[in-house]
Structures are given as structure tokens and as C-alpha cells.
Amino acid sequence: MGITKECRICKSMFTTRSNKSAVWEVKCHSCYTNSRRTHLETRHGEAIKNNEASIRKDMKKLEAKVSDIDMLISAEVSNQILNVSNLEMFEKINASVNARLDTYIAKVEEENLKFREKIQKHIITLNNKIVKLMKEREQ
Ligand SMILES: [Zn+2]
């Protein structure tokens, strides 16, 4: 059994949950629920704000790291480029072009040799035929 009291907020009369709770109950049920909800919402909002703040901090840290990495990579790349002089670069390109040309020329020469052998065989055959024909005429 509770006691009837006046709500501190809305000034309406309400019955406390028990005689004991009448000592600390100062708000009616709906005002108590409202203020509790407001309190929770405020705390929730603060938690969200804190979260956002820490996320923003983390993102700034991450951005700083990423730009550090970018700088490290571009420094390394320009380092490598500086290490390789123009002459070295030219020599490398030249060597690879030469290697390709050598392969191509070898292939052409091989085909050329086969072609020449083929022609020579034809010429020999033709010569033999001519010799044969000449011998037949002489008879
Ligand atoms: Zn009330």
C-alpha cells in the first residue's frame, strides 16, 4: 500500500508504490518514466558523441599513416630512379632489344639456310636434267 503524494514535476496527485518508497518517490509514474527516458537518451547521445569523436580521431590517425606510407613509397621510388642512371637505363633497354633482335635474326638465318638448301637441290636437279638432255642430243 502506498501513500498519496503530489508530483514534484506536474503537481498531480499520485500513489507511491509502497510506504517505504514514499520516502524517495517524488514524481508520478509518467513523470518518472519521462525523466528516466530523457536521462537515458542524454547518456545515449553522449555515448554516440564520444564514439563519433573517437572514430574521427582514429580516422585522422589513419589518414596520417596513409600519407606517411605515400611519402615513404614515393621517396623509395624516386630513390630507385635516382640510383639507376640514364646510361644504365639505356644499356638495359639496349640489351633487351639486342637480345630480341638476335633471336629474330637467328630465326631468319635458319629459314634462309633452309631456303638456300632447297634452291641448291633444285639447281642440282636441273643441272642433272640438262646434262642428261645434252648427252641424249649427242647420241
Ligand atoms: Zn507528474
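The following paragraphs examine the structure supplied in this document. (Residues numbered from 1 in each chain as written. Predicted model: local features only at pLDDT ≥ 70, side-chain atom pairs only at ≥ 80, totals over all residues.)

### Quick word on the overall build of the chain
- Looking only at helices and strands, the chain has two helices and two strands in total.
- Helices and strands appear in the chain in the N-to-C order β-β-α-α.
- On C-alpha atoms alone, the chain measures out to a radius of gyration of 50 Å, which is more than a quarter above the 14 Å that the 2.2 N^0.38 rule sets for 139 residues.
- Oriented by its inertia axes, the alpha-carbon framework of the chain measures out at about 155 × 45 × 20 Å.
- When each of the 139 residues of the chain is scored for burial, the buried share is 1%.
- Put simply, 3% of the contacts in the chain that link residues at least 6 apart link residues at least 24 apart. (Helix = DSSP H or I, 4+ residues; strand = E, 2+ residues; numbered from the N terminus. Rg over C-alpha atoms; globule rule 2.2 N^0.38 Å. Buried ≥ 20, exposed ≤ 12 C-beta atoms within 10 Å, placed from the backbone. Contact = placed C-beta atoms within 7 Å.)

### Examining the environment of C31
- In this structure, C31 sits in helix 1 (residues 29–83).
- Between the C-alpha atoms of C31 and C7, which are 24 residues apart in sequence, the distance is 8.0 Å.

### A closer look at unusual backbone geometry
- In the Ramachandran plot, K11 falls in the positive-phi region, its phi being about 65° despite a non-glycine side chain.
- Within the secondary structure, K11 is located in the loop between strand 1 (4–6) and strand 2 (13–15).

Without other data, these values stay purely geometric and don't point to any function.
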